[in-house]
Amino acid sequence: MSLIASFMSAITLLGTPAEVYQFGFLYWLIGWSYILVMPSAAYLYFPVFHKLQVTSAYEYLEIRFNRKIRWMGSFTFIIQMCLYMAIVVYAPALALSQVTGMNVYFSVSLISFVCIFYTTLGGMKAVLWTDAIQVIIMFGSVLFVIIKGTIDMGGFEYVWAKNKEWDRIELVNFDPNPTTRHSIWSLIIGGYFTWIANYGVNQAQVQRYLCVRTKAMVERALWINMAGLFVLMISCAFGGLVIFARYWDCDPISAGVVSSADQLMPLFVMDILGGWRGLPGLFVAGIFAGALSTVSSGMNSLAAIVLEDFLKNGCYKTISERASTVASKLLSLLFGLLTFALVFVAEQLGGVLSAALSIFGMVGGPLLGLFSLGMFFPWANSVGAAVGHVCGLAFMFWIGVGTQVGLATGDVTYPKKPLSVSGCNLTGTTAGFSSTSVEYLTSSETSFVPTEPPSGILGLYNLSYMWYSATGCFTVIVVGLVVSLLTGGRDLGSLDPRTLSPPLLWLRKWVPALRAVGENLNDELDELRETSTSEKDGGDLTSGDLTSIISKLPPRTLDGSLKESKTDKPPVVLDAQALPREDPAKLKSSMSDSAFEDGSSSLGILKEEEEDGRSEDLGLENCAMSVDDEDGATSLTIPTTHL
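This is a predicted model, so every value here is computed, not measured. (Residues numbered from 1 in each chain as written. Predicted model: local features only at pLDDT ≥ 70, side-chain atom pairs only at ≥ 80, totals over all residues. Heavy atoms only, no water.)

> Whenever I open this one, the overall build of the protein chain confuses me. Can you help?
The number of helices and strands found in the protein chain is 20 helices and 8 strands. Across the 643 residues in the protein chain, those meeting the buried criterion constitute 56%. Residue pairs in contact within the protein chain that sit at least 24 positions apart in sequence constitute 83% of those at least 6 positions apart. With an accessible surface of roughly 25800 Å², the protein chain has 62% of that area assigned to carbon and sulfur atoms. (Helix = DSSP H or I, 4+ residues; strand = E, 2+ residues; numbered from the N terminus. Buried < 20%, exposed > 50% of the residue type's maximum accessible area, 1.4 Å probe, protein only. Contact = heavy atoms within 4.5 Å. Areas by Shrake-Rupley, 256 points an atom, 1.4 Å probe, with all protein chains shown as cover.)

> Hey, could you run me through the pattern of salt bridges in this one?
Any two side chains of opposite charge can pair, so long as their charged atoms come close to each other. According to the stated counting rule, one finds 10 salt bridges in the structure shown. A salt bridge links Glu19 to Arg181; its shortest N-O distance comes to 2.6 Å. Residue Glu19 is located in helix H2 (residues 10-23), and its partner Arg181 is located in the loop between helix H7 (156-165) and helix H8 (184-199); the two are separated by 162 residues in the primary sequence. The class of Glu19 is buried, set by a relative accessible area of 5%. (Salt bridge = Lys/Arg side-chain N within 4 Å of Asp/Glu carboxyl O.)

> What is the right way to read the side chain of Ser372 from this model?
In this fold, Ser372 is placed in helix H14 (residues 352-376). Contact partners of Ser372, with chain neighbours within four places excluded, come to Tyr45, Phe377, Cys473 and Ile477.

> Teacher, can you tell me more about the packing of H2 against helix H10 (residues 215-247) here?
One can describe the packing of H2 onto H10 by two numbers: an axis separation of 7 Å at closest approach and a directional angle of 50°. In terms of axis orientation, H2 runs oblique to H10. At the point where H2 passes H10, the crossing takes the right-handed sense. Residues Thr12, Leu13, Thr16, Pro17, Val20 and Tyr21 of H2 touch H10, and the partners they reach there are Leu232, Met233, Cys236, Ala237, Gly239, Gly240, Leu241, Ile243, Phe244 and Tyr247. Residue classes in the contact of H2 with H10 are distributed as 12 nonpolar, 4 polar and no charged. (Axes fitted to C-alpha atoms, helices over the stretch in contact; angles between N-to-C directions. Parallel < 35°, antiparallel > 145°, perpendicular 65-115°, else oblique. Left-handed = near helix turned anticlockwise from the far one by under 90°. Nonpolar A, V, L, I, M, F, W, Y, C, P; charged D, E, K, R; others polar.)

> It is not clear to me how the nonpolar core should be interpreted in this structure. Could you clarify?
Inside soluble globular proteins, nonpolar side chains tend to come together where they are buried. Of all hydrophobic cores here, the largest spans 151 residues; its most connected members are Ile11, Phe49 and Phe371. For this core, the element with the most residues is helix H5 (residues 67-100), which contributes 17 residues. Within the second largest apolar cluster, 7 residues are counted, among which are Leu492, Leu504, Leu514 and Val517. (Core = buried A, V, L, I, M, F, W, Y, C linked by side-chain atoms within 4.5 Å.)

> What is the right way to read the state of the cysteines from this model?
A disulfide bridge is the covalent bond that connects two cysteines by way of their sulfur atoms. Overall, the coordinates contain 1 disulfide when judged by the stated rule. Residue Cys250 pairs covalently with Cys424 via a disulfide, S to S 1.8 Å. Linking Cys250 and Cys424, the disulfide has an S-S dihedral of approximately 105° and is accordingly described as right-handed. Within this pair, whereas Cys250 is found in the loop between H10 and helix H11 (264-273), its partner Cys424 is found in the loop between strand E1 (419-420) and strand E2 (429-430), the two being separated by 174 residues in sequence. Accessibility classification places Cys250 together with Cys424 in one group, the buried group. (Disulfide = S-S within 2.5 Å.)

> I tried to follow the packing of helix H3 (residues 30-52) against H8 on my own but got confused; where do I start?
Two elements in contact, H3 and H8, have axes separated by 8 Å at closest approach and are oriented at 40°. In terms of orientation, H3 and H8 fall into the oblique class. Judged by the sense of rotation from one axis to the other, the crossing of H3 with H8 is right-handed. Residues Ile30, Trp32, Ser33, Tyr34, Leu36, Val37, Met38, Ser40, Ala41 and Tyr45 of H3 form the contact with H8, whose own contacting residues are Leu187, Ile188, Gly191, Tyr192, Trp195, Ile196 and Tyr199.

> Please clarify how the packing of aromatic side chains should be interpreted in this entry.
Both the distance between ring centres and the angle between the ring planes are used here to describe each pair of aromatic rings. Overall, the coordinates contain 27 aromatic pairs when judged by the stated rule. Arranged with centres 5.1 Å apart and planes meeting at 70°, the rings of Trp32 and Phe230 form a pair that is edge-to-face. With Trp32 in helix H3 and Phe230 in helix H10, the pair connects residues that are 198 residues apart, well separated along the chain. Between Tyr45 and Phe376, the aromatic rings sit 5.7 Å apart at their centres with planes inclined by 75°, giving edge-to-face as the arrangement. Taken together, the positions of Tyr45 in helix H3 and Phe376 in helix H14 put the pair 331 residues apart, joining distant regions of the chain. (Phe/Tyr/Trp six-rings, centres within 6.5 Å; stacked < 30°, edge-to-face > 60°.)

> Just checking my understanding: could you explain H3 for this structure?
Look at H3: 32 Å from first C-alpha to last across 23 residues, which is about the 33 Å you get at 1.5 Å a residue. Along H3, the helix axis deviates most sharply at Phe46, where the bend reaches about 50°; the proline Pro47 sits within four residues downstream. Counting buried positions over the 23 residues of H3 gives 18, a clear majority of the element. Trailing H3 by a residue or two, Gln53 shows a phi angle of about 50°, which is positive. (Expected span 1.5 Å × (residues − 1). Bend = angle between axes of the 7 residues up to and from the residue.)

Written as structure tokens, this is what we have:
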């Protein structure tokens, strides 16, 4: 449930019905993209993080490329989440303002500081538990409102017939034009890239995956999450049809009853539940639950990113556990206040749904491209990754900002479905609008006729926002591979195979070029064996010498059987002298290194073990490495969890 709560917020509950009300039911197709997203997250991206046992998702970028790429990825994530959380906070403020008449900015302040309070004090545990409760409230309130509204309108048949009459029932559109706002291609393929950026490599989700005890539990949670997301999306989309069936002859936006399409759902709630004391509050609670769950997840993940990537691995490497806890709470507070400030920017971005998905594409797309470049293209190097990521961000911000300017000037328009005001009360009030005054409207019907999109540079700004993430991702990959090729590529022999996605490891059996991955890593084993032998012969072997030798071992992949270690078992011991040169499979633990080509260190063992006909990737949680001399006079044991 916590996985559902992370990115299913008030934006979904308010934005999806508003989208369907204005543009038709075609948006329901995005639900099918989840069927592609969840397996990809479970079997292509998550196994890499699981094997490496990273604290920060962006620690992967340091292992695969270098520390500068890690910082670049972390900074990009900070930008994405701050902008996104500002929209998430702004959406329920609109709802609360419509239902209660409360000032929007007062609502924003209330939501922000409640979330800052429990996230700062409770940390990740508070986030997980509140997410679970908030998902129940969110589902319950939305389903109740939609079912009650459908019954009041005369049932499913009436709702469907009225929307079909007004050309809102469009189940599929095969138009391949990328400037078409929604089509089966943009919603399923473009939607896949938009959401895999969140569920595959986003810190807010990876942080949750790594909190789960076993890999199988994460996979099961993602499948359950897929079903929950699909049901919620279809429910909210149908809610848009119900709202139109209510206001088909008196559009509240044209009538001036609401100032934004995102306020249609709260208006509808007040119309059908206004006489039921307390029930509108149930809906508001659901909206708030969606917002709080997402913002708390974002604040916690941002604090973890800054702590791990910029403090512990940057300017303050010796920070104590107590100081880390205090720093984490202060960082949560800081990002909460920053989110509050950015709300004033978010309100200028238009509809909350398209604004949120645009941000996912503009920032999350290039970030997805950076991770995919590392996991699926072993030839890519750090120079290509850096140049590709910068080019991807620049290109997508150029399109995104240009589109916003075009919308403001009227150069970019999106055709909407026809709307009518012929049934509005022209003299005073309408009972359906909770006694809200409606001005006389000379036009009885408003219809938006599609126009041909402009060509050239301005035509680029008409690119559907659903393609943003895919465009940014492929820009990073293409530029990154070209630059990597021009700068010499990557030495596959020194590449840690754990940094590659499982399909790449499977393809090593069939693609000769991939067989070189990691083949040179065993040379360091020889250095360890020979150096330790030389030191022992000289009689002056010290713990410091051994530590220096062992620290030079990079992460590696070794053949052989390896069982999952439990924390209550004694450490696995490695005797360097007992390792024959021709049989490295006896090595049971892997040391990290910051010196392999342009990568850095982390923990974990890559294992492809067949057990009961299944392949499993396992990590070591409690292992140690020791080298003893023959007399037992010198002994060094190094727990891998502290390297």
